[in-house]
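# An overview of the molecular structure
The primary structure of each chain is shown beneath.
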Amino acid sequence: MVDRRHSPPETRAQDHDFVHQCSFAGLQPQLPLCWPTPPGIPDSPKKQYRSYYINLGGTDLDDLRSWQYLSSFDLVLRLVDFGGLRPVLAWLLGWTSHRGQVPFDPVSIFLFVSWRIVNGWTRAQALRNLQKPRYADYAQRFGFLSSDFPTEGGVRYFLTTLGSHADTHEETVAVQVDDTRTTDVAIHYLNYLLAGAVALLREACLITPQTWQHALLCPDGMIHDAASRMRCTFVQETCYHPTSSELPRPCPAQKKGKRGCTCDTASCAQACRYAPIRDPEARSIYYAASNQPNRRTPNAAVDSTTKGRGKLRYGYRSLTLQFAEFVRRFSVVLLDDFRPANEREENRAAAHLLSLAYFYPDLLVDTTAGDAGFGFFAFLHTAYSLGIRRAVDLRADPSDTEKLQWTLRGYDDKGRPVCPYGYAFIANGFDKDRRRHKWFCGQACLKGIDPVVQLD
């Protein structure tokens, strides 16, 4: 068992196997760690590139004095051979022929973008730095030759093309929404990049076999602000459709009793002038950072129509599926998705569980944990059908405050079963074979114990 009195870094420092396997001396027989190419991915059809990445090794690591000047990103450039990523990126970019203009090596662009993110630079600032003599060693390790560097538009094209081709390979998973309906969710193939990174961690023995065979997975969503400025909180997909006098564009803001836009000007012909063109999929959401109603707190407003604490956010929502390495106490993102901010999470999270067989066929999931946002049929039923134990927070319901309804629906506001006479059942463990919690009647009514619901 892990000693919780120690911090995660202290726990890893006391793990002798971890220290030996992940030390430079322990990794040296395996170096460089080669980025794996998934089976079935064809080789890049391009024969020539304006840049070309080759792993230059890490001979300077033999000098211990150089370690104090190297960042984590510098170490990754020396320890990992990214050549196996080239077919994956070419496939995601949609390259099917060697014809056309000679492109930059996609691995070079990938490493440049990673370098920009690590340093927190803007795209233009990173491109300027790439051309400076001070950073010539980075340009050489990325594979850029002489003074031939990409433009800002070229990098933007690389990123937008990767994103637009991520889920266009016509493969989906069927998520059951309720007892009668299912919906098809496209498999997001940008997750091959995450799968390759996780494979490197496993090759370096950072992830223990016991956690991989008894995995704990935790889905979680995060709001990301759009680059565009929000001008109308009611922007929807219809706001980007053309309008005409014969077929006028509906205004969702006016339907809510707001001023909105009549879209009767020339600037509104192709799209509403209040709908940002750069972020057509961004949406507004009132983010309170909680799934529980605040009316139970003594500070809640008496007027139920008054909004609680929160913030209006405009942008997107990423939904990650994190793997918890509970022995060495860190987490790794296995899968990710990127959608409008107002999109529900449970269907995408259920699709993540179903997609694990594509990206991690040898992963054995034991438990999935999540907040109340995943307490819906789609996610709970998918986890149950896959034999995964569910540890999902209770989802608040308006009927929780009406005690007389507990005997009708069969459980209280904490999920504990309640009999028709108002007495709570007693917990009796978890049935692993049937994948459900067990409860029994303790005959409280015969022992003079007050019921949780007083009936007439």
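The written sequence of each chain sets the order in which its residues are numbered from 1. Residue-level local features of this predicted model are given only where pLDDT is at least 70; pairs of side-chain atoms are given and counted only at 80 or more, and the full residue set underlies all totals for whole chains, interfaces and linings. Excluded from the side-chain calculations are hydrogens and water; all other atoms, namely the structure's heavy atoms, are used.

### Considerations on the pattern of salt bridges
Whenever a carboxyl oxygen of Asp or Glu lies within 4 Å of a side-chain nitrogen of Lys or Arg, that contact is scored as a salt bridge. Throughout the structure, instances matching the rule amount to 17 salt bridges. When the shortest N-O distance is used, the salt bridge between Asp 148 and Arg 50 registers 2.8 Å. With Asp 148 in the loop between helix H8 (136-142) and helix H9 (152-164) and Arg 50 in the loop between strand E1 (33-34) and helix H4 (72-79), this residue pair connects regions lying 98 residues apart in the sequence. A salt bridge links Glu 152 to Arg 156; the shortest N-O distance between them is 3.9 Å. Here Glu 152 pairs with Arg 156, and both are found in helix H9, just four residues apart, close to one helical turn. Helical segments are the DSSP runs of H or I of at least four residues, strand segments are the runs of E of at least two, and each set is numbered from the N terminus.

### Let's talk about the side chain of Ser 399
With respect to the secondary-structure elements, Ser 399 resides in the loop between strand E10 (389-392) and helix H15 (406-409). For this analysis, a polar contact is any N or O atom pair within 3.5 Å, provided that within protein one partner can donate a hydrogen and the other can accept it, and provided that sequence-adjacent residues contribute only side-chain to side-chain pairs. At 2.6 Å, the side chain of Ser 399 and the side chain of Asp 397 are in polar contact. A distance of 2.7 Å separates a polar atom in the side chain of Ser 399 from a polar atom in the side chain of Arg 409. Those residues in contact with Ser 399 that lie beyond four places of it in its chain are Gln 405, Trp 406 and Arg 409. The contact rule is simple, with two residues in contact once any of their heavy atoms fall within 4.5 Å.

### Structural notes on the packing of aromatic side chains
Here is the rule: rings of Phe, Tyr and Trp (six-membered ring for Trp) pair when centre to centre is within 6.5 Å. Planes less than 30 degrees apart are stacked, more than 60 are edge-to-face, and the remainder are tilted. The full count for this structure, using the stated rule, is 26 aromatic pairs. Here the aromatic rings of Phe 104 and Phe 144 are separated by 5.9 Å at their centres, their planes lie at 70 degrees, and the arrangement is edge-to-face. Linking Phe 104 in the loop between helix H5 (86-92) and helix H6 (106-119) with Phe 144 in the loop between H8 and H9, this pair joins segments that are 40 residues apart in sequence. With a relative accessible area of 12%, Phe 104 lands in the buried category. Residue Phe 144 is classed as buried on the basis of its relative accessible area of 5%. On the basis of an interplanar angle of 50 degrees and a centroid distance of 6.3 Å, the ring pair of Tyr 135 and Tyr 138 is categorised as tilted. Exposure is judged per residue with a 1.4 Å probe applied to protein chains only, and the accessible area is read against the type maximum: over 50% gives exposed, under 20% gives buried, and values in between give partly exposed. Judged by its relative accessible area of 16%, Tyr 138 is buried. The rings of Phe 73, Phe 112, Trp 115, Trp 121, Tyr 135, Tyr 138 and Phe 142 are connected pair by pair, giving a single aromatic cluster.

### Looking at a positive patch on the surface
On the surface, Arg 229, Arg 231, Arg 259 and Arg 273 cluster together to form a positively charged patch. One can find Arg 229 in the loop between strand E5 (215-225) and helix H12 (252-255). Judged by its relative accessible area of 63%, Arg 229 is exposed. Residues enter patches when their relative accessible area tops 30% and they take part in no salt bridge; the joining distance is 9 Å for like charges and 5 Å for the nonpolar side chains Val, Leu, Ile, Met, Phe, Trp and Tyr. Throughout, the Shrake-Rupley method with a 1.4 Å probe supplies accessible areas, and for residues the shown protein chains are the sole cover considered. Charged-residue counts in this description rest on Lys and Arg as positive and Asp and Glu as negative, His and the chain ends being excluded. A charged residue contributes its charge at one atom only: NZ of Lys, CZ of Arg, CG of Asp or CD of Glu.

### Regarding helix H7 (residues 123-130)
If you check which residues of H7 are buried, you get Ala 126, Leu 127, Asn 129 and Leu 130. With its buried residues spanning 160 degrees around the axis, H7 presents them on a single face. Residues of H7 that are buried make contact with H6, H8 and H9. The arc refers to the directions leading from the helix axis to the C-beta atoms.

### Points about the nonpolar core
The definition of a nonpolar core used throughout is a set of buried Ala, Val, Leu, Ile, Met, Phe, Trp, Tyr and Cys residues joined through side-chain atoms within 4.5 Å. Ranked by size, the top nonpolar core spans 73 residues in total, and within it Phe 112, Phe 142, Leu 334, Leu 356 and Tyr 360 carry the most contacts. Setting aside its immediate chain neighbours within four residues, Phe 112 contacts Arg 123, Ala 126, Leu 127, Leu 130, Phe 142, Phe 144 and Val 155. Counting nine residues, the second largest nonpolar core, distinct from the first, contains Tyr 240, Cys 261, Ala 271 and Ala 275.

### Some remarks on the packing of H7 against H9
Put simply, H7 and H9 touch, their axes get as near as 10 Å, and they point 120 degrees apart. Taken together, the axis directions place H7 and H9 in an arrangement best described as oblique. Here H7 and H9 pass one another in a crossing that is right-handed. Listed contacts from H9 to Arg 123, Ala 124 and Leu 127 of H7 are Glu 152, Val 155, Arg 156 and Leu 159. Of the residues that constitute the contact of H7 with H9, the class distribution is four nonpolar, no polar and three charged. In this description, a line fitted to the C-alpha atoms serves as the axis of each element, helices being fitted only across the stretch in contact, and the angle between N-to-C directions of two axes falls anywhere from 0 to 180 degrees. Oblique is the label for any angle not under 35 degrees, not over 145, and not in the 65 to 115 range, which are roughly parallel, roughly antiparallel and roughly perpendicular in turn. A clockwise turn of the near helix away from the far one marks a right-handed crossing, whereas an anticlockwise turn of less than a right angle marks a left-handed crossing. Throughout, the ten residues Ala, Val, Leu, Ile, Met, Phe, Trp, Tyr, Cys and Pro are labelled nonpolar, Asp, Glu, Lys and Arg are labelled charged, and all others, Gly among them, are labelled polar.

### Some words on the state of the cysteines
By definition, a disulfide links the sulfur atoms of two cysteines through a covalent bond. The criterion for a disulfide is a pair of cysteine sulfur atoms lying within 2.5 Å. Across all of its chains, the model carries zero disulfides by this definition. Not engaged in a disulfide, the cysteine Cys 34 finds its nearest cysteine sulfur in Cys 205; these two sulfurs lie 15 Å apart. We classify Cys 34 as partly exposed; its relative accessible area is 43%. Left unpaired, Cys 232 is separated from the closest cysteine sulfur, that of Cys 251, by 6.4 Å.

### What to know about unusual backbone geometry
With an omega of -5 degrees, the peptide bond between Leu 31 and Pro 32 qualifies as cis. We note that Ser 146 has phi near 45 degrees; this positive angle belongs to a residue other than glycine. Unusually for a residue other than glycine, Cys 205 sits at a positive phi of about 65 degrees. The exposure class of Cys 205 is partly exposed, given its relative accessible area of 30%.

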